[in-house]
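Inside the fold
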Amino acid sequence: MNVVLAVKQYVAKMIEDSGPGMKVLLMDKDTTSIVSMVYAQSEILQKEVYLFERLDSQGREIMKHLKCICFLRPTKENVEFLSQELKNPRYGIYYIYFSNVISKSDVKILAENDEQEVVREVQEFYGDYIAVNPHLFSFNLSGCSQVTSLPFYPHQGINWTSQALARSCQGLTALLLALKKCPMIRFQNSSEMAKRLAENVRQVISKEAGLFDFRKPDVPPLLLILDRRDDPVTPLLNQWTYQAMVHELLGIHNNRIDLSSVPGISRDLREVVLSAEHDEFYASNMFLNFGEIGSNIKELMEDFQKKTKSQQKVESIADMKAFVENYPQFKKMSGTVAKHVTVVGELSRLVGAHKLLEVSEVEQELACKSDHSNHLQSVKKLFQDEQVSELDLVRLVLLYALRYERHPNNEVHWMMDALGRRGVSDRYKKLVSAIVEYGGSKRRGTDLFGTDNTNPISFTKKLLKGLKGVENVYTQHTSLLQDVLDQLIKGKLKDGSYPYLGTSTLRDRPQDIIVFTIGGVTYEESLAIHNMNRTTPGVRIVLGGTTVHNTKSFLEEVWQATQGLRFQYTNAQASPQHRWT
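For clarity, every value in this text was computed on a predicted model and none was experimentally measured.

What follows covers the overall build of the protein chain. From N to C terminus, the protein chain includes 20 helices and 17 strands. A buried classification covers 54% of the 581 residues belonging to the protein chain. Only carbon and sulfur atoms are counted for the fraction: they give 48% of the accessible area of the protein chain, which is about 27000 Å².

This part takes up the confidence of the model for the protein chain. Averaged over the protein chain, the pLDDT score is 86; the fraction of residues at 70 or greater is 87%. Overall, residues 462-470 carries pLDDT values under 50, and its contacts beyond four positions in sequence, including any with other chains, amount to 6 contacts. Low pLDDT, under 50, characterises residues 570-581; the stretch is placed with 35 contacts to residues that sit more than four places away or in other chains.

Although it is not a glycine, Asn254 sits at a positive phi angle of roughly 50°. By the element assignment, Asn254 lies in the loop between helix H8 (242-249) and strand E12 (256-258). Even without being a glycine, Lys355 presents a positive backbone phi close to 50°. Looking at where Lys355 falls in the secondary structure, it is placed in the loop between helix H11 (317-353) and helix H12 (356-368).

On to the sheet that holds strand E5 (residues 119-124). On the basis of which strands lie adjacent, the open sheet formed by 5 strands has the order E2-E1-E3-E4-E5 and parallel pairing. In this open sheet, the two strands that pair with only one neighbour each are strand E2 (49-54) and E5. The mean inter-strand angle of the sheet, taken between neighbouring strand axes irrespective of direction, is 20°. Both strand E1 (residues 23-27) and E2 contribute to a ladder of 5 bridges, which runs parallel. By the bridge assignment for E2, Lys23 is matched with Val49. Here helix H2 (residues 29-36) sits on the sheet in contact with E1, E2 and strand E3 (63-72), set at roughly 85° to E3.

Oppositely charged side chains may form a pair once their charged atoms are brought near each other. Summed over the entire model, instances satisfying the criterion amount to 24 salt bridges. With a shortest N-O distance of 2.8 Å, Arg228 and Glu525 are connected by a salt bridge. Of this pair, Arg228 sits in the loop between strand E11 (222-227) and H8 while Glu525 sits in helix H19 (residues 523-535), and the two are 297 residues apart along the sequence. Like Arg228, the residue Glu525 is buried in the burial classification. Between Arg540 and Asp512 there is a salt bridge, with its nearest N and O atoms 2.9 Å apart.

Reading guide: rules and limits
Every chain's residues receive numbers from 1 upward, in the order its sequence appears when written. Reporting in this predicted model follows two pLDDT cut-offs: at least 70 for local features of residues, and 80 or more for side-chain atom pairs to be given and counted; totals over whole chains, interfaces and linings ignore these cut-offs and use all residues. Hydrogen atoms and water are omitted, and side-chain values are computed over all heavy atoms in the structure. The secondary structure listing takes helices from DSSP runs of H or I that are at least 4 residues long and strands from runs of E that are at least 2 residues long, numbered from the N terminus. Each residue gets one of three labels from its accessible area relative to the maximum for its type: buried under 20%, exposed over 50%, partly exposed in between, using a 1.4 Å probe on protein chains only. The Shrake-Rupley method, run with a 1.4 Å probe, gives the accessible areas here. Residue values count only the displayed protein chains as cover. You can read pLDDT as the predictor saying how much it trusts each residue, on a scale of 0 to 100. In what follows, residue pairs with any heavy atoms lying within 4.5 Å of each other are defined as contacts. DSSP-based pairing: two strands are paired if at least 2 bridges between them are found. Each axis is a line fitted through C-alpha atoms, taken for helices only over the stretch in contact, and angles between the N-to-C directions span 0 to 180 degrees. The working definition used for a salt bridge is a side-chain nitrogen of Lys or Arg within 4 Å of a carboxyl oxygen of Asp or Glu.

Here it is as structure tokens:
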């Protein structure tokens, strides 16, 4: 179950099926991102694809000598654009591939517009998701929920936006087809959103039964649908492994990192790409902690310096020949060193400038232990430190508000005033109430903080922590997702909390598990899945979400989801104009 490989194979097959000759790859906004995540442009150029175009771009040249490979999402807009393209074709012949199921009526529209008979092929290749890592996928959907009061929802609450529900269902069914899985489905019972998505996916599987007619394995695969609102804590924590840390402090969007705000940055490093598919150092280090990265960067530098010295001796024809042969690799290594030294240097600067070690230690304590008096003093102490950023103060207050929501002596109002005294904006302060409305104790279906000893997940979490102790104060937190999957693999996940859709249940230990989190996943959870795949023989897990969050994007998600709700601590309603960028 490799989500990156599945998309790569689709793209390779498209190019191969079009035969020899010069080609153009025509895509839309979404499929451009899908392809760019798994292939470097230089790789595709080697396959005789010399031009990359967007279907919606104006003024494309007429090039009848090129074959056109179209890879598009089957949207109404794309069908209209493609119909116009076929009426007045710019290229010689067309091979059309849709990333998901396309209706017969839309195919008929395209056929009617193909008056010059330039279309050679129309197929469905189910690469309709962003493949982040081999075990991680996303739909790049932000703001998937909103406040609604509909006939089938008797009370006002947070539910799907219609566009996000449709896109999530399309993306999930495409992923299942790409991986050739027809799964049993379980969902989080406390989430109406999880139930609706589960039902919609099952409807598609029933409607397209012919597509899902795969060879039945001994143990059926399992699709587990969860809701971010059950664990609002994980996206609020600072991270200390390379990939997660880069996303938290700098932001990763489709493998790209914007470094333009880094002091003294050179022009060619203002935007860099971090892709495990094309960067060996990143692939080897993305799951390692920050201390290990520092020593590995040093080794990379020393190795580069040795090779640089050896290249300086160009005295004979043989030396020149060796230099020319090794130059592409040398140049690539030079770029890799410069990129990672810059990224790690900026991470290090931000850690020092904003006291992130001190902040993270308190965050972890709030997430993992109940000790109100000490936690209150620790948070108050950080409020007095001018180096602690607005964002970090807010996340500490959010964690405190979630942990001590029902504590009789909680001092959330004092913290709100303290945020005001520090000059923190009203939009940040309103998030304290928004987070409780989004993922507070009344909204969660599980005992997130482990206060209920009758809950098997909470009890196991406490027991393991007691046995293991704490190896690292900055990474002691384990996400709810990891605990749920532990219970699932052991056959202890309660059917009442995570029911099956339909009457069938899984009798054996699951082998292929696809987990999808509505409201987004995190790189901390991705790391947990990576480790579980590595250490649990016979079990393969793929994780996906509507998006991959850092704290800023999660705050935006919470804000959009709670617009229109009356807030507990501010006596005000959310207003739509604020963004957390």
